[in-house]
Amino acid sequence: MKKLALFLALILITGIGSVVLANEPNLKYERYYPTVPLRNDLPANGIIDKGIDVQVEVVPFVHIAELDTSVMRFVLETPSIGGDAYNIRRPFVFGTNTEIKITLTEDLTGQFATNNDGLHTAVLLADGFKPKSGFDYWGIPGQRYARAEYVFSPGIHEGRLVVGIGWYNQNYQQGQSTQRREDWAQRDWYNVKAGTYEGRITMTIEALGN
């Protein structure tokens, strides 16, 4: 009888142990069961309205549709009569969604002999362009380089980039079409020495924005 009683006691203890293990919390699923009652977000009228703020940033944008950046080659064969420049005009078409400033500069003028009035250079935007504001001036050897600056409003703009190299002989006189022999040395065109000169025209586009 004592052996039987001991055996039953062991079975009882084992059974209790199993019950305790079964009632332990299952940590794997505990997070799915809230410990406090959920909030009812539905108001009395039965409609939920939630507002979300929206921000849209449109970045400054410039698209150059047409601009030929190949080498410009000028062949100055004779001092020009009446100060007419040798001009190269190239189409320039662009669009922008912001106010921009376009600056044109060149580094060619300084390569010519200083203190002479025999050569001028110019860089400008013309032939259709209507900038909001702008200025330009000629390049004079020994004094200043050619430079132009323009401000354009948002929109599509079309015109021409104009570069002029003038090798001058005499002062311009309105209506003059021929060169008088006595005027051939009126400007010091001979200070523009024969040779090949190389430089660069730089276009800088800057977004002004707000």
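Refer to the preceding data block for the structure.
Residues numbered from 1 in each chain as written. Predicted model: local features only at pLDDT ≥ 70, side-chain atom pairs only at ≥ 80, totals over all residues. Heavy atoms only, no water.

Structural notes on the overall build of the protein chain
Scanning the protein chain from N- to C-terminus turns up one helix and eight strands. A buried classification covers 26% of the 210 residues belonging to the protein chain. Put simply, 74% of the contacts in the protein chain that link residues at least 6 apart link residues at least 24 apart. (Helix = DSSP H or I, 4+ residues; strand = E, 2+ residues; numbered from the N terminus. Buried < 20%, exposed > 50% of the residue type's maximum accessible area, 1.4 Å probe, protein only. Contact = heavy atoms within 4.5 Å.)

Digging into the layout of surface pockets
Quantified by volume, the largest pocket comes out at close to 1,100 Å³. Along its surface, the largest pocket is lined by 34 residues, and Met72, Phe74, Leu108, Tyr197 and Gly199 are the ones closest to its centre. Mapped by element, the contributors of at least two residues to the lining of the largest pocket are β4 (119–126), β7 (155–167) and β8 (201–207). No other element matches the five residues that β7 contributes to the lining of the largest pocket. A breakdown of the residues in the lining of the largest pocket according to their chemical character gives 20 nonpolar, seven polar and seven charged. (1 Å grid on protein atoms, 1.4 Å probe; cavity = no way out; pocket = protein on both sides within 12 Å on 5 of 7 lines; lining within 4 Å. Points joined across faces, edges and corners; volume = space filled by probe spheres on them. Nonpolar A, V, L, I, M, F, W, Y, C, P; charged D, E, K, R; others polar.)

Side note on a nonpolar patch on the surface
A contiguous nonpolar surface patch, about 350 Å² in accessible area, is contributed by Val54, Val56 and Val58. By the element assignment, Val56 lies in the loop between α1 (2–22) and β1 (62–67). (Patch = residues over 30% accessible without salt bridge, like charges linked within 9 Å, V, L, I, M, F, W, Y side chains within 5 Å. Areas by Shrake-Rupley, 256 points an atom, 1.4 Å probe, with all protein chains shown as cover. Salt bridge = Lys/Arg side-chain N within 4 Å of Asp/Glu carboxyl O.)

Considering the sheet that holds β1
The four strands are arranged β1-β2-β7-β4 in an open sheet whose pairing can be described as antiparallel. Two strands lie at the open edges of the sheet, namely β1 and β4, each paired on one side alone. Neighbour-to-neighbour, the strand axes of the sheet open up by a mean angle of 20°, direction not taken into account. Where β1 lies against strand β2 (residues 86–96), five bridges are found, and the strand directions are antiparallel. By the bridge assignment for β2, Val62 is matched with Thr96. (Pairing = 2+ DSSP bridges. Axes fitted to C-alpha atoms, helices over the stretch in contact; angles between N-to-C directions.)

Details of unusual backbone geometry
At Asp127, a position not held by glycine, the phi torsion is positive, near 55°. Of note, Asp127 is situated in the loop between β4 and β5 (133–137).

Quick notes on the sheet that holds strand β6 (residues 147–152)
Strand order in this open sheet of four strands is β5-β6-β3-β8, and the pairing throughout is antiparallel. In this open sheet, the two strands that pair with only one neighbour each are β5 and β8. The sheet shows a mean angle of 10° between the axes of neighbouring strands, direction not considered. Judged from the five bridges that link them, β5 and β6 form a sheet pairing that is antiparallel. Considered in β6, the bridge of Phe135 is made with Glu149.

A few points about the pattern of salt bridges
Enumeration according to the criterion identifies six salt bridges in this entry. Arg90 is the salt-bridge partner of Asp68, the closest N and O atoms lying 3.8 Å from each other. Of this pair, Asp68 sits in the loop between β1 and β2 while Arg90 is found in strand β2, placing the two residues 22 residues apart along the sequence. Residue Asp127 pairs with Arg89 through a salt bridge whose shortest N-O separation is 2.8 Å. Here Asp127 is found in the loop between β4 and β5, whereas its partner Arg89 is found in strand β2, with 38 residues between them in sequence. Overall, the relative accessible area of 41% leaves Asp127 in the partly exposed class.

A closer look at the packing of aromatic side chains
One pass over the full model with this rule turns up ten aromatic pairs. Ring geometry for Trp167 against Trp189: centres 6.4 Å apart, planes inclined by 65°, an arrangement best described as edge-to-face. Here Trp189 lies in the loop between β7 and β8 and Trp167 lies in strand β7, a separation of 22 residues in the sequence. Trp167 gets classed as buried once you look at its relative accessible area, which sits at 13%. (Phe/Tyr/Trp six-rings, centres within 6.5 Å; stacked < 30°, edge-to-face > 60°.)

Examining the nonpolar core
Counting residues in each nonpolar core, the largest one holds 14 residues, and the members touching the most others are Phe94, Ile102, Leu104, Leu125 and Phe152. Mapped onto this core, the elements with two or more residues apiece are β2, β3 (100–106), β4, β6 and β7. For Leu125, the contacting residues outside a window of four places in its chain are Phe92, Ile102, Leu104, Tyr150, Phe152, Arg160 and Leu161. Grouped together as the second largest cluster of nonpolar side chains are six residues, Phe112, Leu119, Ile165 and Trp167 included. (Core = buried A, V, L, I, M, F, W, Y, C linked by side-chain atoms within 4.5 Å.)

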